[in-house]
Amino acid sequence: MSNAGGQPFEAIWNGLSLAAWLVDATTLQILQANDAAGQLVGRRSADMRGMLVLELAATPEDQIFWSQSGADIAAGIHSHSWVRNLRSGALVPVDRRVIAIDAPASPHATQCLLVTMQDRSEQEASRLELEALLSELRATLDSSVDGVLTCDLQGHLRAFNQRLAQIWQLPHELLLKRDDAAIWAYMQSQALDSEFFRARLAAIAHEPACETADVLRLRNGTIVEQRSRPQLVQGRPAGRVYAYRDITAQHMAEADLRLAARVFESSLDAIFIADKHGVITRINAACAQLLGASAEHAVGQPVTSLFASAQRQSDLLPEVHRAWLHQGHWGGELPLRRGDGLHCSVHLSWVALRDDDGGTQQSIGFMRDLTQQLAAKQRIEELAYSDTLTGLPNGRLLSKRVGAAIEASRASGDGFAILFLDLDRFKIVNDSLGHAFGDRVLKLVSERLLHCLRQSDMLCRLGGDEFVIYLHGADTEVAEAVARRMIDEMQSPFVLDGMAFSIQCSIGLSMFPQDGDSLDELIKQADTAMYQVKERGRGSYGFYRPQMNANLLSRMKMEHAMRQALGQGHMTVHFQPQVDMNAGTIVGVEALARWTDPELGVVSPGVFIPLAEESGFIVTLGAWVMEQAIKEAAYWHDRGTSLLMSVNVSALEFRQVGFVERVATLLSRYGLPAQQLELELTESVLLHDAKEMEQVLAALTGMGLRLAIDDFGTGYSSLAYLKKLAIHRLKIDRTFVCGLPADEGDCAIVQAVVSMGRALGIEVVAEGVETQAQRQLLQDMGCEHYQGYLCAPALPAAELRSRAAEFSKLPAKPKRPVVRPVCRSRATKH
């Protein structure tokens, strides 16, 4: 380009942010293009010299413009258009100007055209985004269950949704034309009390900041609730939003209830009304008379609290719900708790009141006093030598029988066997379902064990869930056969009150005379053998061996080594990643204790965690793991990664005084936000001192901590705590996951847990996922997260940090096969 200014003009020309071309007005050839033009169309500016400007025309409008006469082109144009990027082929939205100027670039051209274009890509994207947002907002408004209408302060309509037109039955012609006055007039005409409707609208218009609620009856019989709120702009009323809800069904139900209330109060039967959760909301005079002094506390209490038996209270609701499902009502005899401290028998008829969708809305119960119809029954005094619960011989009778056998053996030389039987984890049954339920289970167990014995043998309940069996004249073969038969018999499911459950036992055996010459000694040796069976995993039997006492010494030494391990640096904390099932990204880790002893080597968590729990050392160990986990989570937080840290908390540790304060202190010390810490609790934590535990959980969640239920489904607890407590996640135990996808029972259990979690809005994590097939099935079921060897084992902190980039996005399948056992015991998780 030749010009008087030379180089400065060239710099100014190429320094323009606008894409610019100089075009010969006669030939329409490009004389000059600046650098911005080259960037816009994807072509070097020098290469565009001599091109016809028509090559830049990407729209029919541009083609027509450049095809006009020279005078029309010289008149110029300013419009939005499109230009094609010759490198990428994409169309770029531009603001285009064409103006005629004197020709500075060619001695032959008398006039040039200056063509400039401004890239409008960002503005066009913003416009499209705004249009999409408006469409989405409109769709949302039309999806509302309420009729919604907005207007300005003068009553001019701005918008209303389809639901409003349905409720008010607006004619089609009113929907096609914009006539605000006609719509308001039509709505007023449809109100049964049109003057009231008009007066309310006028009153609302005089108080633009007020919120109102009214009930309107329409001429078509519909009852509508009208609510209005001011529409605020920068804190000032700029209009009003009206919401209309059809409450016809609700209003009719209330009328029916008023009629029922009159019948309710005048009935001679004792009647109570309960809500859908089984909580009493009202009692009539006859019911108050039957309850006596306790009537004043009845309202607000569960219906089950009226009845004397704790076991019956826990069983009643599930039984009632099953009857409601099949018959619509439940009936039966129950012991009623009266205010005078006495009990009376009543016949209860309990009926469910359904809503339109078939759900239980309320329930009503009718009680009839059976005191006059039932004769009082005296409990028979228990025999001096029998167990009052099961009716089995007690320890006194067993001692007498064994003493006679020992005396007889001196003459005959015959021996016998003593079996010590303990029910495994029976405490969970008592804690979760109550001691009354547990007592009934013990009776069933007694019946089964008796079937395994001869008449010459004796089954004795020593106390609690411990039984002692005397096998008359038995040698080791007979004793082993009986023990195996008892183990097999106990493996069959128990069914009580319609609920199926399993109880297993551990059995220790001692033989007379080789293992002892008195009952006390024989029981002690059998107890030692039973203890060893439990150490090996429970659910089996074993004979006493003299070296077993030496094993107790070994156990004592291990406990001592464990207590020294923390101070000597032999304990470490590893972290197992938890993976988002759909995204494949690491969302958190679980902190797990690991112990490598100089003499004992690597000690399995399945060995030292139960030992720590039994010895009480779990409190110290848990506090140390908690601090290490929070410290590691703080490390990630300080580097901008919100890593959810899950820490197991034992029941004993959780019940320690000052637990909440200690957690708060650690969070404050390391600067970790509370929402990045998740405490994993077993179901048993929620069963002891429920009220106190609820307060502790409320304090923790109030701080912002997350709560998870670990090994969900392996306990016997009620699911009520899922409704009452702020539980964030359920962890499916690996014992259910390892059977996937082949085991139908495991599939059903896992699907039930996932479905329940989704229904309650609780996340679900699957533990012990080892194969792609397991992960895929869990994902299909709707499980959100998983952890296990498919992703990674528990890693030391240094390795977790070094593999952080690798974990940012996991592949759909493992990089290499991992050979692991199909199932692991629950204890290996810790």
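Thresholds, definitions, all that
- Residues numbered from 1 in each chain as written.
- Predicted model: local features only at pLDDT ≥ 70, side-chain atom pairs only at ≥ 80, totals over all residues.
- Heavy atoms only, no water.
- Helix = DSSP H or I, 4+ residues; strand = E, 2+ residues; numbered from the N terminus.
- Buried < 20%, exposed > 50% of the residue type's maximum accessible area, 1.4 Å probe, protein only.
- Pairing = 2+ DSSP bridges.
- Expected span 1.5 Å × (residues − 1).
- Salt bridge = Lys/Arg side-chain N within 4 Å of Asp/Glu carboxyl O.
- Axes fitted to C-alpha atoms, helices over the stretch in contact; angles between N-to-C directions.
- Contact = heavy atoms within 4.5 Å.
- Phe/Tyr/Trp six-rings, centres within 6.5 Å; stacked < 30°, edge-to-face > 60°.
- Lys NZ or Arg CZ within 6 Å of the ring centre and 35° of its normal.
- 1 Å grid on protein atoms, 1.4 Å probe; cavity = no way out; pocket = protein on both sides within 12 Å on 5 of 7 lines; lining within 4 Å.
- Points joined across faces, edges and corners; volume = space filled by probe spheres on them.
- Nonpolar A, V, L, I, M, F, W, Y, C, P; charged D, E, K, R; others polar.
- Arc of directions from axis to C-beta.
- pLDDT = per-residue confidence, 0-100.

Engineer: Help me understand the environment of aspartate 710 in this model?
Structural biologist: Relative to the assigned elements, aspartate 710 resides in strand 28 (residues 706-712). When its relative accessible area of 2% is taken as the criterion, aspartate 710 is described as buried. Here the alpha-carbon distance between aspartate 710 and proline 793, two residues 83 residues apart in the chain, equals 18 Å.

Engineer: Just to check I follow, could you spell out the pairing of strand 26 (residues 644-649) for this structure?
Structural biologist: Looking down a regular strand, the side chains alternate between one sheet face and the other. In terms of burial, strand 26 is a largely internal element, 6 of the 6 residues being buried. Covered by surrounding structure in strand 26 are Leu644, Ser646 and Asn648 together with Met645, Val647 and Val649, the residues of both alternating faces. Bridging between strand 24 (residues 586-597) and strand 26 involves 4 bridges; their strand directions are parallel. Residue pairing across strands places glycine 588 opposite leucine 644, the latter belonging to strand 26. Across 5 bridges, strand 26 lies against strand 27 (residues 677-681) in parallel orientation. What sits directly across from valine 649, in strand 27, is leucine 681.

Engineer: What am I meant to see in helix 20 (residues 618-638) here?
Structural biologist: Each full turn of the α-helix corresponds to 3.6 residues, which orients residues three or four apart in the same direction. Between its first and last C-alpha atoms helix 20 spans 30 Å; for 21 residues at 1.5 Å apiece the expected length is 30 Å, and the two agree. Within the sequence span of helix 20, burial applies to Ile618, Val619, Leu621, Gly622, Val625, Met626, Ala629, Ile630, Glu632, Ala633, Ala634 and Trp636. After helix 20 finishes, the residue glycine 640 shows a positive phi value of roughly 85°.

Engineer: Quick question: what am I supposed to make of the pattern of salt bridges here?
Structural biologist: Side chains that differ in sign of charge can pair as their charged atoms come close. With the rule as written, the count across this model stands at 29 salt bridges. In this structure, the salt-bridge partner of arginine 200 is aspartate 214, at a minimum N-O distance of 3.1 Å. Pair noted here: arginine 200 is in helix 9 (residues 194-206) and aspartate 214 is in strand 8 (residues 212-217), with a separation of 14 residues, a long-range link. For arginine 200, a relative accessible area of 22% puts it in the partly exposed group. The exposure class of aspartate 214 is buried, given its relative accessible area of 11%. For the salt bridge of arginine 461 with aspartate 387, the shortest nitrogen-to-oxygen distance reads 2.9 Å. Taken together, the positions of arginine 461 in strand 17 (residues 458-463) and aspartate 387 in the loop between strand 15 (360-369) and helix 13 (395-412) put the pair 74 residues apart, joining distant regions of the chain. Arginine 461 gets classed as buried once you look at its relative accessible area, which sits at 12%. Salt bridges sharing partners connect three or more residues here, namely Glu590, Glu680, Lys731 and Glu767.

Engineer: Looking at this model, I keep getting lost on the sheet that holds strand 12 (residues 280-283). Mind explaining?
Structural biologist: In any sheet, the strands associate via hydrogen bonds between backbone groups, in a parallel or an antiparallel arrangement. One open sheet accounts for 5 strands, arranged 12-11-15-14-13; its pairing is antiparallel. Edge positions in the sheet fall to strand 12 and strand 13 (329-337), since each of these pairs with one other strand and no more. Across the sheet, the mean angle from the axis of one strand to that of its neighbour is 25°, orientation sign disregarded. Direction of pairing for strand 11 (residues 270-275) relative to strand 15: antiparallel, over a ladder of 6 bridges. Across the sheet, the residue bridging to alanine 270 is methionine 367, located in strand 15. Packed onto the sheet, helix 10 (residues 248-266) meets strand 11, strand 12 and strand 15 and runs at close to 55° relative to strand 12.

Engineer: Even after reading the chapter, I still don't get the packing of aromatic side chains, so can you show me in this structure?
Structural biologist: What the rule picks out here adds up to 14 aromatic pairs. Aromatic pair phenylalanine 65 and tryptophan 66: ring centres 4.9 Å apart, planes at 80°, arrangement edge-to-face. What makes phenylalanine 65 buried here is its relative accessible area of 5%. Here the aromatic cluster, defined as three or more aromatic residues joined through ring pairs, consists of Trp168, Trp184, Phe197, Tyr242 and Tyr244. One Lys or Arg, arginine 96, reaches over the ring of phenylalanine 65 and ends 5.8 Å from the middle of that ring. One Lys or Arg, arginine 801, reaches over the ring of tyrosine 635 and ends 3.5 Å from the middle of that ring.

Engineer: What exactly am I supposed to notice about the sheet that holds strand 16 (residues 416-423) here?
Structural biologist: Ordered by their spatial adjacency, 5 strands build an open sheet running 17-18-16-21-22, and the pairing between neighbours is mixed. Edge positions in the sheet fall to strand 17 and strand 22 (541-543), since each of these pairs with one other strand and no more. Shown here is a sheet whose adjacent strand axes are inclined to one another by a mean of 20°, direction ignored. With 3 bridges joining them, strand 21 (residues 505-512) and strand 22 adopt parallel strand pairing. Bridged to leucine 509 within strand 22 is phenylalanine 543. Each of strand 16, strand 18 (466-471), strand 21 and strand 22 is contacted by helix 17 (residues 519-535), which is oriented at about 140° to strand 21, the strand it contacts most.

Engineer: Help me understand the layout of surface pockets, please; the structure alone is not making it clear to me.
Structural biologist: Once rolled over the atoms, a probe with the size of a water molecule shows which space is left empty. In this structure, the second largest pocket spans a volume of roughly 570 Å³. As for the second largest pocket, its lining consists of 23 residues, and the residues nearest its centre are Ala253, Leu257, Leu353, Gln361 and Gln362. Elements supplying a minimum of two residues to the lining of the second largest pocket: helix 10, strand 11, strand 14 (343-354) and strand 15. When residues in the lining of the second largest pocket are grouped by element, the largest group, 10 residues, is from helix 10. Among the residues making up the lining of the second largest pocket, the classes are represented as 12 nonpolar, 4 polar and 7 charged.

Engineer: What is the right way to read helix 26 (residues 744-760) from this model?
Structural biologist: Counted at 1.5 Å a residue, the expected span for helix 26 with its 17 residues is 24 Å, and the 24 Å between its end C-alpha atoms agrees. Of all the residues in helix 26, the buried ones are Asp746, Cys747, Val750, Val753, Val754 and Gly757. One side of helix 26 carries all its buried residues, which in axial view fall inside an arc of 135°. When the buried face of helix 26 is taken as reference, the exposed residues oriented beyond 90 degrees from it are Glu744 and Ala759. On its buried side, helix 26 packs onto strand 28, strand 29 (729-732), helix 25 (734-737), strand 30 (763-766) and helix 27 (772-781).

Engineer: Where do I start with the confidence of the model for the protein in this structure?
Structural biologist: Interpretation of the predicted coordinates at a detailed level should be avoided for regions scoring low in pLDDT. In this model, the protein carries an average pLDDT of 85, and 91% of its residues clear a pLDDT of 70 or more. Every residue in residues 1-5 is under pLDDT 50, and counting partners more than four places away or in other chains gives 7 contacts. Across residues 810-828 the pLDDT falls below 50, and counting only partners more than four positions away or on other chains, this stretch makes 31 contacts in the model.

Engineer: I tried to follow empty space enclosed by the protein on my own but got confused; where do I start?
Structural biologist: Throughout the structure, instances matching the rule amount to 1 cavity of 30 Å³ or more. Taken as a whole, the largest cavity encloses approximately 50 Å³ of empty space. Together, Val53, Leu56, Ala57, Asp62, Trp66, Arg96, Val98, Val115 and Met117 line the largest cavity. Listing elements by their share of the lining of the largest cavity, those giving two or more residues are helix 3 (60-66), strand 4 (91-102) and strand 5 (111-119). Class assignment of the residues belonging to the lining of the largest cavity gives a composition of 7 nonpolar, no polar and 2 charged.

Engineer: Would you mind showing me how to read the side chain of aspartate 146 here?
Structural biologist: The residue aspartate 146 is located in the loop between helix 5 (121-143) and strand 6 (147-152) in this model. Residue aspartate 146 is classed as buried on the basis of its relative accessible area, which comes to 14%. The contacts of aspartate 146, once residues within four sequence positions are left out, are Asn161, Arg163, Tyr244 and Arg245.

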